[in-house]
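Remarks on the overall topology
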Amino acid sequence: PKPGLLMSMRQTGGLLERLDAGPVIGDGGFVIALEKRGYVTAGKWTPEAVIEHPEAVRQLHREFVRAGSDVCQTFTFYASEDRIDRAHGAGKHGVYPINKAACEIAKEVAKPAGCLVAGGLSQTNYKHDKNAARVKDQFEKQLHVFKEQEVDLMICEVRGEEFGLSVSLPPFTFSLAVL
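The following refers to the structure shown.

The rules behind each value
- Residues numbered from 1 in each chain as written.
- Predicted model: local features only at pLDDT ≥ 70, side-chain atom pairs only at ≥ 80, totals over all residues.
- Heavy atoms only, no water.
- Core = buried A, V, L, I, M, F, W, Y, C linked by side-chain atoms within 4.5 Å.
- Buried < 20%, exposed > 50% of the residue type's maximum accessible area, 1.4 Å probe, protein only.
- Helix = DSSP H or I, 4+ residues; strand = E, 2+ residues; numbered from the N terminus.
- Pairing = 2+ DSSP bridges.
- Expected span 1.5 Å × (residues − 1).
- Axes fitted to C-alpha atoms, helices over the stretch in contact; angles between N-to-C directions.
- Contact = heavy atoms within 4.5 Å.
- Salt bridge = Lys/Arg side-chain N within 4 Å of Asp/Glu carboxyl O.
- Left-handed = near helix turned anticlockwise from the far one by under 90°.
- Nonpolar A, V, L, I, M, F, W, Y, C, P; charged D, E, K, R; others polar.

Concerning the nonpolar core
Ranked by size, the top nonpolar core spans 17 residues in total, and within it V65, C72, C115, F146, V151 and M154 carry the most contacts. Breaking this core down by element, the ones donating at least two residues are α7 (95-113), β2 (116-122) and α9 (132-148). Counting 15 residues, the second largest nonpolar core, distinct from the first, contains V50, A56, A101 and I105.

If you want it as structure tokens, here you go:
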């Protein structure tokens, strides 16, 4: 994108350096925006749009960056194994390809504009499953892609019952209870 006033005012450095300098603005609302544009149907979330409509996702990232976003979040909400199979047939693509495509699109837009990329760790079906080992495995599969794609930070969109599970895949090692 062509540098504009907001882009020329954007802070540099990592997340902590940017926070020291002032507010850091993130993007969001992909499902609603893409639904209004006719690319997805809200309900069971639709991360498969990164494969089926990559230009629509890319354009939405561009619009958020032009509006002043400092962080591009990967469009990976609902992209865990147990959820994706139930989300409008997204399972035909698989968790890894969806999360990888989401990272690539976010990086493609964010990096030239001087923005950070946040991977989005999606919730799982732990509320109904109660199998901590299986849930931990699903988190680690998601984190593997974000590590491989070298995202700058993680946003963990998990529910209360998932707190207390420890997840480790260097450099991402944390307890969800801390988040």
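Additional details are given in the paragraphs that follow.
As for the pairing of β2
Summarising burial for β2: seven of the seven residues are buried, a large majority. The two faces of β2 match: L116, A118, G120 and S122 on one face and V117, G119 and L121 on the other face are all buried. Looking at chain direction, strand β1 (residues 71-73) and β2 are connected through three bridges and run parallel. Along β2, the bridge assignment pairs V71 with L116. Relative to strand β3 (residues 153-157), β2 runs parallel, the two being bridged by five bridges. Pairing of A118 across the sheet is with L153, part of β3.

Observations concerning helix α5 (residues 54-66)
Here α5 contains 13 residues, and its C-alpha end-to-end distance of 18 Å stays within 8% of the 18 Å for a straight helix at 1.5 Å per residue. The complete set of buried residues in α5 reads A56, V57, R58, L60, H61, R62 and V65. Note on α5: the residue one or two positions beyond its end, G68, has a positive phi of about 115°.

Considering the sheet that holds β1
Strand pairing in a sheet relies on backbone hydrogen bonds. The paired strands run either parallel or antiparallel. The strand order across the open sheet formed by three strands is β1-β2-β3, and the pairing between neighbours is parallel. Each of the sheet's edge strands pairs with one partner strand only, and the pair in question is β1 and β3. Averaged over all adjacent pairs, the angle separating strand axes in this sheet is 30°, with direction ignored. Helix-sheet contacts for α7 involve β1 and β2, and the interaxial angle to β2 is about 155°.

So, the pattern of salt bridges
The full count for this structure, using the stated rule, is six salt bridges. Ionic pairing is found between E55 and R58, a salt bridge with its closest N-O pair at 2.8 Å. Remark: R58 and E55 occur in helix α5; sequence separation between them is three residues, near one turn of the helix. A relative accessible area of 40% means that E55 is categorised as partly exposed. Looking at R58, the relative accessible area reads 14%, which means it is buried. Where E108 meets R58, a salt bridge forms, and the shortest distance between an N and an O atom there is 3.0 Å. You can see E108 sitting in helix α7 and its partner R58 sitting in helix α5, a full 50 residues away along the chain. The partly exposed category is assigned to E108, whose relative accessible area is 44%.

Observations concerning the packing of α7 against α9
To describe two helices that pack against each other, one gives the angle between their axes and the distance between the axes. Between α7 and α9, the least distance of the axes is 9 Å, while the angle of their chain directions is 35°. Both α7 and α9 take part in a crossing whose hand is right-handed. The residues of α9 that touch α7, namely those facing V95, Y96, N99, K100 and C103, are Q142, H144, V145, F146 and E148. Grouping the constituent residues of the contact of α7 with α9 by class yields five nonpolar, three polar and two charged.

Observations regarding the environment of A102
Within the secondary structure layout, A102 lies in helix α7. Taking the C-alpha atoms as reference, A102 lies 9.9 Å from Q149; in sequence the two are 47 residues apart. When neighbours within four sequence positions are excluded, A102 is seen to be in contact with V50, T74, F75 and T76.

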